[in-house]
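Residues per chain are reported as follows:
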Amino acid sequence: MAVSFQTKYPPRPITNIPRTHRPSLLHVRVTCSATTTTTTKPQPNREKLVVEKRSVSPPLSNDPTLQSTWTHRLWVAAGCTTLAVSLAKSVTGGVGSHFWLEPALAGYAGYILADLGSGVYHWAIDNYGDESTPLVGSQIEAFQGHHKWPWTITRRQFANNLHALARVITFTVLPLDLAFNDPVVHGFVSTFAFCIMFSQQFHAWAHGTKSKLPPLVVALQDTGVLVSRKQHGEHHRAPYNNNYCIVSGAWNKVLDESKAFEALEMALYFKLGVRPRSWSEPNSEWTEETDLSTSQA
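Model, not experiment: these values are computed from the prediction. (Residues numbered from 1 in each chain as written. Predicted model: local features only at pLDDT ≥ 70, side-chain atom pairs only at ≥ 80, totals over all residues. Heavy atoms only, no water.)

1. Focus: the pattern of salt bridges
Right, so step 1: Taken as a whole, this structure holds two salt bridges when the rule is applied.
Right, so step 2: Close ionic contact of Arg 237 with Glu 234 constitutes a salt bridge, the shortest N to O distance being 3.1 Å.
Right, so step 3: For Lys 259, the salt bridge identified is with Glu 262, shortest N-O distance 3.9 Å.
Right, so step 4: Residue Glu 262 is classed as partly exposed on the basis of its relative accessible area, which comes to 36%. (Salt bridge = Lys/Arg side-chain N within 4 Å of Asp/Glu carboxyl O. Buried < 20%, exposed > 50% of the residue type's maximum accessible area, 1.4 Å probe, protein only.)

Here is the structure:
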């Protein structure tokens, strides 16, 4: 800039400027240039941080995503219908053949294995995949949000909470209803499918306040028929890698003490190089936030 300045204007006026002023003039120009450079660079980063902060927010109490729709209710009705048909075939078949023990034992096996199945599935979607995962992406995203705002499950309406599992049960149990009449088969199917479909309701009760739950539900939790509030509460504390089962919770102690899920995680890591989320948690994505509306009330 000094060269173009002297070329444009005659040297005579510049030589009239006292020599002691020239260094200060040069100093001002350099300082302005440096100031302009440092004030423009941080702007894009600030905008990015603001956008990321606004992208995550807890569901409101009147959030439509927590409310049931007629589609949700129809799927729950369809699931319950297939379960009722399966149970009826088990009962009528047992009465007709005078064999009660086998269907009853099959039903008990279905109840026990449903708890195990709920734990394996819960462990898998807690630790692997994301919202883009085919078929179960929405459930993975929902469970990650559940860790941050676990109290929202108690605000989900009944059909809203069950419709996804009811859809799976409908398409799974309906063909079995049509294909089999064996009371033992349906003793297992009806109980197993019932526990899986309603596991999210058992899960919601495990987050409920004892004084607000039906007395029968509290009694079933206290006797271990349903997963207890205390047991499931351990799952929502660091390191978030235990008590995955949400039907009765009977398998939680066995799986945790045997470190079965840790062994599966190591096998998957060495075979596929995939790290489970529990190895790097807790972080801000799983840190539980307080229900402000309740605390303020």
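After that view of the structure, there is still more to cover.
2. A short note on the packing of aromatic side chains
Right, so step 1: For the coordinates displayed, the defined rule picks out 11 aromatic pairs.
Right, so step 2: Consider the rings of Trp 123 and Phe 261, whose centres lie 5.2 Å apart with planes at 20°: the pair is stacked. Of this pair, Trp 123 sits in helix 6 (residues 101-127) while Phe 261 is found in helix 14 (residues 260-272), placing the two residues 138 residues apart along the sequence.
Right, so step 3: Classification of Phe 261 as buried rests on a relative accessible area of 5%.
Right, so step 4: Here Tyr 244 and Phe 261 contribute two aromatic rings whose centre-to-centre distance is 5.2 Å and whose plane-to-plane angle is 80°, an arrangement assigned as edge-to-face. Note that Tyr 244 is positioned in the loop between helix 12 (229-235) and helix 13 (252-258) and Phe 261 in helix 14, a separation of 17 residues in sequence. (Phe/Tyr/Trp six-rings, centres within 6.5 Å; stacked < 30°, edge-to-face > 60°. Helix = DSSP H or I, 4+ residues; strand = E, 2+ residues; numbered from the N terminus.)

3. Points about unusual backbone geometry
Right, so step 1: The linkage connecting Ala 238 with the following residue, Pro 239, adopts the cis geometry, with an omega of 10°.
Right, so step 2: Although it is not a glycine, His 98 sits at a positive phi angle of roughly 60°.
Right, so step 3: Within the secondary structure, His 98 sits in the loop between helix 5 (70-97) and helix 6.
Right, so step 4: His 98 gets classed as exposed once you look at its relative accessible area, which sits at 69%.
Right, so step 5: The phi torsion at Asn 243 lies on the positive side, around 50°, for a residue other than glycine.
Right, so step 6: Along the polypeptide, Asn 243 turns up in the loop between helix 12 and helix 13.

4. Digging into helix 5
Right, so step 1: The end-to-end C-alpha distance of helix 5 is 40 Å, a good match for the 40 Å that 28 residues give at a rise of 1.5 Å each.
Right, so step 2: Those residues of helix 5 lying buried are His 72, Val 76, Gly 79, Thr 82, Leu 83, Ser 86, Ser 90, Gly 93 and Gly 94.
Right, so step 3: In this fold, the buried residues of helix 5 make contact with helix 6, helix 8 (158-179) and helix 9 (183-197).
Right, so step 4: Backbone geometry just downstream of helix 5 places His 98 in the positive-phi region, at approximately 60°. (Expected span 1.5 Å × (residues − 1). Contact = heavy atoms within 4.5 Å.)

5. A closer look at the nonpolar core
Right, so step 1: Counting 19 residues, the largest nonpolar core has Val 76, Leu 83, Ile 169, Met 197 and Phe 198 as the members making the most contacts within it.
Right, so step 2: Looking at this core, the elements with two or more residues in it are helix 5, helix 6, helix 8 and helix 9.
Right, so step 3: Broken down by element, this core gets its largest block of residues, six residues, from helix 8.
Right, so step 4: Residues within four places of Ile 169 in sequence aside, it is in contact with Gly 79, Thr 82, Leu 83, Leu 174, Ala 193, Ile 196 and Met 197.
Right, so step 5: Residues Trp 123, Tyr 128, Cys 245 and Phe 261 belong to the second largest nonpolar core, which totals six residues. (Core = buried A, V, L, I, M, F, W, Y, C linked by side-chain atoms within 4.5 Å.)

6. Quick look at the side chain of Asn 161
Right, so step 1: Along the polypeptide, Asn 161 turns up in helix 8.
Right, so step 2: Not counting the four nearest positions on each side in its chain, Asn 161 is found in contact with Ile 153, Arg 156, Gln 200, Gln 201 and Ala 204.

7. Here's the deal with the packing of helix 6 against helix 7 (residues 137-148)
Right, so step 1: Running from amino to carboxyl end, helix 6 crosses helix 7 at an angle of 85°, the nearest separation of the two axes being 9 Å. Judged by the angle between their axes, helix 6 and helix 7 are roughly perpendicular. Within the contact between the two elements, helix 6 uses Tyr 121, His 122, Ile 125 and Asp 126 and helix 7 uses Gln 139, Ile 140, Phe 143, Gln 144 and His 147. (Axes fitted to C-alpha atoms, helices over the stretch in contact; angles between N-to-C directions. Parallel < 35°, antiparallel > 145°, perpendicular 65-115°, else oblique.)

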